[in-house]
Amino acid sequence: MLKQRVITGLVLILLVFAGIVFLPVELFGLFSLMFIVGLGAWEWAGLTGCYLPEKRMAGTMMILTASIPLVFIRPDPVWVLAVSIPVWLLVLVALQVYPRNAGFYKKHALAMRLSGILVLLPAWYALMHLHVMHYTYVIYLITLIALADTAAYFTGRKLEKINWPRI
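Since the structure is predicted, the reported quantities are computational estimates derived from the model, not experimental observations.

Cut-offs applied
- Residues numbered from 1 in each chain as written.
- Predicted model: local features only at pLDDT ≥ 70, side-chain atom pairs only at ≥ 80, totals over all residues.
- Heavy atoms only, no water.
- Helix = DSSP H or I, 4+ residues; strand = E, 2+ residues; numbered from the N terminus.
- Buried < 20%, exposed > 50% of the residue type's maximum accessible area, 1.4 Å probe, protein only.
- Axes fitted to C-alpha atoms, helices over the stretch in contact; angles between N-to-C directions.
- Parallel < 35°, antiparallel > 145°, perpendicular 65-115°, else oblique.
- Left-handed = near helix turned anticlockwise from the far one by under 90°.
- Contact = heavy atoms within 4.5 Å.
- Nonpolar A, V, L, I, M, F, W, Y, C, P; charged D, E, K, R; others polar.
- Salt bridge = Lys/Arg side-chain N within 4 Å of Asp/Glu carboxyl O.
- Expected span 1.5 Å × (residues − 1).
- Core = buried A, V, L, I, M, F, W, Y, C linked by side-chain atoms within 4.5 Å.
- Polar contact = N/O pair within 3.5 Å; in protein donor to acceptor, adjacent residues only side chain to side chain.

**Some details on the overall build of the chain**
In terms of regular secondary structure, the chain is built from seven helices and zero strands. Going residue by residue from the N terminus, the α and β elements of the chain occur as α-α-α-α-α-α-α. Principal axes of the C-alpha set define a box for the chain whose edges measure 50 × 40 × 35 Å. Sorting the 167 residues of the chain into buried and exposed places 23% on the buried side.

Dropping the structure here:
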């Protein structure tokens, strides 16, 4: 099992690296849109209580359709990313009050689903803009995320045996 995972990981690393280095900006934008935003939108729909595949696909297609103009128009990233600052501030507030107000999220499920556009698109646009600046920035970012994720995994495995107090 581990051998198969390692081989799959190496093949994916080579494919992603080739895509980052050799694809022109528009194609990189479309492929990263389909794979990163598409999969993110699919998961976002599940997190917001949308479990039927047809509804999840409709939400995914809505987010993908909303983002296609950004690939070709390419507005100034400052304006696109300026949208994400208040959104992430709202996300922080929502996380703080979540346990006490869980019913709020169920009552406003559509708003929670639509907020995926405001979370996923600026992140994807920032990735695309990094690729426009130079593809090595994207490689650096992916490497940083992979190392942080791996370190978090092993740290969690090490610390899960400790009986931590509840906060």
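The discussion continues.
**Re the packing of helix α1 (residues 2–22) against helix α7 (residues 135–159)**
Two numbers describe how α1 lies on α7: the axes approach to 8 Å, and their chain directions differ by 155 degrees. When the interaxial angle is binned, α1 and α7 end up roughly antiparallel. In this structure, α1 crosses over α7, and the sense of that crossing is right-handed. On the side of α1, the interface is formed by V16, F17, I20 and V21, while α7 contributes Y135, V138, I139 and I142. Here the contact of α1 with α7 is composed, by residue class, of eight nonpolar, no polar and no charged.

**With respect to the pattern of salt bridges**
What the rule picks out here adds up to one salt bridge. The closest approach of N and O atoms between R157 and E160, which form a salt bridge, is 3.7 Å. Overall, the relative accessible area of 42% leaves R157 in the partly exposed class. In this structure E160 comes out as exposed when scored by relative accessible area, which is 51%.

**Quick notes on the packing of helix α4 (residues 77–97) against helix α6 (residues 109–133)**
Where α4 meets α6, the closest approach of the two axes is 9 Å, and the angle between their N-to-C directions is 140 degrees. Considered as vectors, α4 and α6 are oriented oblique to each other. Seen from above, α4 lies across α6 with left-handed handedness. The residues of α6 that touch α4, namely those facing P77, V80, L81, V83, S84, V87 and W88, are L118, V119, P122, Y125, A126 and H129. For the contact of α4 with α6, the per-class residue count stands at 11 nonpolar, two polar and no charged.

**Notes on α6**
Side chains of residues three or four places apart in an α-helix project in the same direction, reflecting 3.6 residues per turn. The end-to-end C-alpha distance of α6, which contains 25 residues, comes to 37 Å, matching closely the 36 Å that a straight helix rising 1.5 Å per residue would cover. Within the span of α6, buried status applies to A109, G116, I117, V119, L120, L121, P122, W124, Y125, L127, M128 and H131.

**Quick look at the nonpolar core**
Core analysis: the largest hydrophobic core is formed by 14 residues, its most contacted members being L33, V37, I63, L121, W124 and Y125. Of all the elements in the fold, those that place two or more residues in this core are α2 (25–47), α3 (53–73) and α6. Counting residues per element, this core draws most heavily on α6, at six residues. Setting aside chain neighbours within four positions, we find W124 in contact with G29, S32, L33, V37, S67, L70 and V71.

**Considerations on the side chain of S67**
By secondary structure assignment, the location of S67 is in helix α3. There is a polar contact of 2.8 Å between the side chain of S67 and the backbone oxygen of L64.

**Quick word on the side chain of S32**
With respect to the helices, strands and loops of the structure, S32 is situated in helix α2. Beyond its immediate stretch of four places on either side in the chain, S32 contacts V37, W124 and L127.

**Side note on the environment of V83**
As for its position among the elements, V83 is in helix α4. On the accessibility criterion, V83 (35% relative accessible area) is partly exposed. Once the C-alpha coordinates of V83 and F72 are considered, the two residues, 11 residues apart in sequence, prove to be 19 Å apart.

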